[in-house]
Amino acid sequence: MYHTNLYAMKKSFVLKMCRGVAYLMSLLAIGLVGCGNHPKLSVEDLRVEYSVAPNNVDGPVARFSWSYGAEEGRTFTQRTVKVCVAQSEEALLAGDYVVSSKREAAPFQRVSLSTENLEPYSSYCWQVIIYNAIGGEVCRSGVEWFSTANLRREPWLAKWITDGHDKNYLPSPMLRKRFPVKGKVKRALLHISAAGYYDAKINGKRVSEDWMNPGYTHYDKRNLYLTHDVTSLLSKGDNVITATLGNGFYNEYAGMAVWEFDKAAWRNRPRMIAELHIEYVDGGKDVVTTDKSWRTTEGEWRCNVIYAGDVIDARMRVELWDDPTMDDSSYPSAVEVEAPSSLLLAQKMPAIRTVESVAPKSMKKFSDQHYVFVFPENMAGVTTLKVKGEAGTRVEVGHGELLKKDSTLEVRNINIYFHTVGDAAFQRDVYILRGDEQGEEFTPRFHYCGFQYVEVRSDRPLELDMNSIEAHFLSTDMESVGEFNSSNELLNKLWRAVRRSYQANFYGIPTDCPHREKNGWTADAHISMDIALTNFDGLLAYEKWIDDYVDNQHEDGRISGIIPSSSWGYGDWPGPVWDAAMFIIPNYLYNYYGDLTAIEKIYPAAERYLAMQMKRENKDGVVDEFMRGIGDWCYYRTVTPQDFVSACYYYYQHALMARFAELLGRDGAKYAAKAEQLRDYINAKYLNRETGAYSIAKITAQALPLALGLVPAEMEKLVAARLNEAVVAGGYICDFGLVGSKYALRMLVKYGYVDTAYKLATQTKVPSFGGWLASGYTSPLERWSIGSGPRFGGAASANHVFFGDVAAWMQSDIAGINYDESAPGFGHVIIRPHYPEGLEWAEASLRTVRGKVSSSWRREGGDIVLNVTIPINTKATIYADKVHEVEGTGKPMRFVIKKK
């Protein structure tokens, strides 16, 4: 449908299109920006909902944040701030605000404002004003803009649409709408969602550089829409918008794996909804919406399966489908269908985008119908194939992490749960050529693979070379915020491998592996939280995943071991280690960002979960079924008893819930009391007070109670000594699973065994972190070894991030950058580096919500020189030659630790 002048024209405003020097000077001239009373101070990095100039703000509250900068090394303490929102920059200067809020003694560089006075589908400018202790204005930020979308979350004008086929029909739905543009366009925003994925174009050009939009959810509980600025894609006169829809997890029709997505209650034919809001220079407005006036067909996308690949038959391409001049009157009308869920919300987390485009490093030609390409590193994403051949030639492109001895593709380590269904085969794309003389190019759009090796087979001769294929490393596009480097190249390579593995395992949700499962395993995620937040700005992505937890929970309080889940993964077998993610992840977000949103979201679900477990407790106050849960998963040889590990995490769930209650101003006494009761139970049953041994006295058993705060204070050193002995006696190898991998290094360093930790971290004998690299792998493994070198040695992923906390440990314990739980959001920074024997220097940085923190040290002439940078408006405790309490200036501070 085509709507004209739907909204009344509002007061005119100038959109922020560029901020050149002349423009900035004009603002300074009228007094709109500047820090005249504090000339070396600046307010920087203004964000709404933690995003720069977002165009899809919706919901009752919006969060405004900023950081500080300065030309010289001066301290500054934020006292009173005012966030002002207006319809124009002139209105900001005049004080004609739509909404504003002045906060005294503001602890955070963030203010949340009600959106009640804002209008949907409108643009606003805003700035921050800083005041001193007596109310005088100190500084004004520059001006930034944001736009609202469906702010009130009211019913859309558009309808959900699809074609006339049912969910078992394989070819992808293609939809199309022609529409006129009547004049010069000032701005055009496309608000669009799909159940499944959409690949949308306007006049033949994609509406964004994103992949696999929107994010994966419990589709029957909530759906997400994105907003794309498509101003540059429109032209006066006839235009056309087209979309091809993919199945994703919404319609996993093949049932080729074990996770029962083919039986999901939400499963249906892919569908979409969209509104294109056009604003003209002359003030007029139009809205193009999805409805039954759209046209449909099918084309070259013959089928697609998230675990398999895309099947593309270029002979079926619909010519001129993306051309606005094409007469589509003979094509079937779209079908208006029910919404997948009752919630359609803006997707705030970043979309999936290309991290890196990668060329192969070598190619082996077995014949003119069989090639294998080798890429430098393991990754996740898709490949583009450029090929020239006869019409009807069938080309199969397989992806895997290993090679067989004969250098052909090996997938047995990751295909154990799969069977082929028709053309859908695990990690394999199929292309049918139409025989273009100039050659053809194929790129899948509706799935992704985990791979380092690509095998191309065809049923007719093809001539391929190193330029025939390109890999696209894809991931949810979270901003990079962390760095690490050192004199030990093994540590540097390991840090890079873990970081890339983390990216390969975030596709709208944190996953365990990018190929075999693609599932949001809960313990994998919480074990990896420091990896996440020391490297990437992950708040919005994890807040989305907390919504998935809420949607995943059954009425009785149970959650699944994978989230989202169609039905698989519920029951007692995941156990408290996995369920603890619903407590641990919100706690991390609060510690790193100082934002309570995730805790507020999860609190009712966490209450239901703990109430459910309480009803099942035995006389000791634990749940017998926990014995069947998963504990220190993927251990090497030593099995840490499940009852012990589960009891520890059950304690930790209650301890965190007591903290949540306190933070939210609720009564958490029962949770605190339960935590204390469980602490006493664990120490009475599992702790030998004479020797300091917990349970079996191995690495995980000693590290876990220290990390979770279970150990009596007077016994911590003795328990830590037993931990050190366990590591040394074992030969400095990683004889533990994912729980031990999280806490062993950290607890060794905390209690003074720095050199032991360093030897463990840099060990190359299997099992070890360094052993992966020494064996030829380029990413962390699911097990400590899956064969001698990158060859098949059993069913296990070669791209699992859950053993990778060693990378975050480098930043927090070697370089020494740490948050302080008592001042969340890095209001107070703890810099406590360590200097293991054999390491000459190390450096790390982290862009926090307060600004950039950096720490670097180097041995010089027997001394150690430490350089630290702390952001303005931030305090820090620095452990150097002595303990220094400092205020941040944004400039480096130098300390010398003299050789003793």
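The structure under discussion appears in the preceding block.
These remarks concern the structure in this document. (Residues numbered from 1 in each chain as written. Predicted model: local features only at pLDDT ≥ 70, side-chain atom pairs only at ≥ 80, totals over all residues. Heavy atoms only, no water.)

## Points about the pairing of strand 32 (residues 449-458)
Consideration 1: Counted residue by residue, strand 32 has nine buried out of ten residues, so it is predominantly covered.
Consideration 2: Two strands pair when backbone bridges link them, and strand 26 (residues 370-387) and strand 32 are joined in this way by eight bridges, in the antiparallel orientation. Bridging across to strand 32, F373 finds its partner in V454. (Buried < 20%, exposed > 50% of the residue type's maximum accessible area, 1.4 Å probe, protein only. Helix = DSSP H or I, 4+ residues; strand = E, 2+ residues; numbered from the N terminus. Pairing = 2+ DSSP bridges.)

## Notes on the packing of helix 12 (residues 699-708) against helix 14 (residues 738-750)
Consideration 1: Close contact between helix 12 and helix 14 brings their axes to 8 Å; oriented N to C, the two are set at 70 degrees. With respect to their mutual orientation, helix 12 and helix 14 come out roughly perpendicular. Between helix 12 and helix 14, the residues in contact are I699, T700, A703, L704, L706, A707 and L708 and V739, G740, Y743, A744 and M747, respectively.
Consideration 2: Across the contact of helix 12 with helix 14, the residue classes break down as ten nonpolar, two polar and no charged. (Axes fitted to C-alpha atoms, helices over the stretch in contact; angles between N-to-C directions. Parallel < 35°, antiparallel > 145°, perpendicular 65-115°, else oblique. Contact = heavy atoms within 4.5 Å. Nonpolar A, V, L, I, M, F, W, Y, C, P; charged D, E, K, R; others polar.)

## Digging into helix 15 (residues 754-762)
Consideration 1: Among the nine residues of helix 15, seven are classified as buried, and the element is accordingly described as predominantly covered.
Consideration 2: Among the residues making up helix 15, those that are buried are V754, T756, A757, Y758, L760, A761 and T762.
Consideration 3: Tucked inside the fold, the buried residues of helix 15 contact helix 3 (489-504), helix 13 (716-729), helix 14, helix 16 (769-774) and helix 17 (805-814).

## Observations concerning the sheet that holds strand 38 (residues 828-831)
Consideration 1: The sheet built from four strands is open, its strands ordered 37-38-42-43 with mixed pairing. Every other strand in the sheet has two partners, leaving strand 37 (817-819) and strand 43 (883-887) as the edge strands with one partner each. Within the sheet, the average angular offset between the axes of one strand and its neighbour, ignoring direction, is 25 degrees.
Consideration 2: With four bridges connecting them, strand 38 and strand 42 (residues 875-879) associate as parallel partners. If you follow I831 over to strand 42, its bridge partner there is I878.

## Regarding helix 11 (residues 669-686)
Consideration 1: Taking 1.5 Å of rise per residue, 18 residues should cover 26 Å, and helix 11 covers 26 Å from first to last C-alpha, within 8% of that figure.
Consideration 2: Among all positions of helix 11, only Y671, K674, A675, L678, R679, Y681, I682, N683 and Y686 are buried.
Consideration 3: Its buried side turned inward, helix 11 meets helix 9 (597-614), helix 10 (642-663), strand 35 (687-688) and strand 36 (693-694). (Expected span 1.5 Å × (residues − 1).)

## Description of the packing of aromatic side chains
Consideration 1: Applying the stated criterion to the full structure yields 47 aromatic pairs.
Consideration 2: Seen from their ring centres, W156 and Y225 are 5.0 Å apart, and the 80 degrees between their planes marks the pair as edge-to-face. Taken together, the residues W156 in the loop between strand 9 (144-147) and strand 10 (161-162) and Y225 in strand 15 (residues 223-229) connect sequence positions 69 residues apart. Just as W156 is buried, Y225 falls in that class too.
Consideration 3: Above the face of the Y131 ring, K102 is positioned so that its terminal group lies 4.0 Å from the ring centre.
Consideration 4: The ring of Y879 has R832 lying over it, and the distance from NZ or CZ to the ring centre is 4.0 Å. (Phe/Tyr/Trp six-rings, centres within 6.5 Å; stacked < 30°, edge-to-face > 60°. Lys NZ or Arg CZ within 6 Å of the ring centre and 35° of its normal.)

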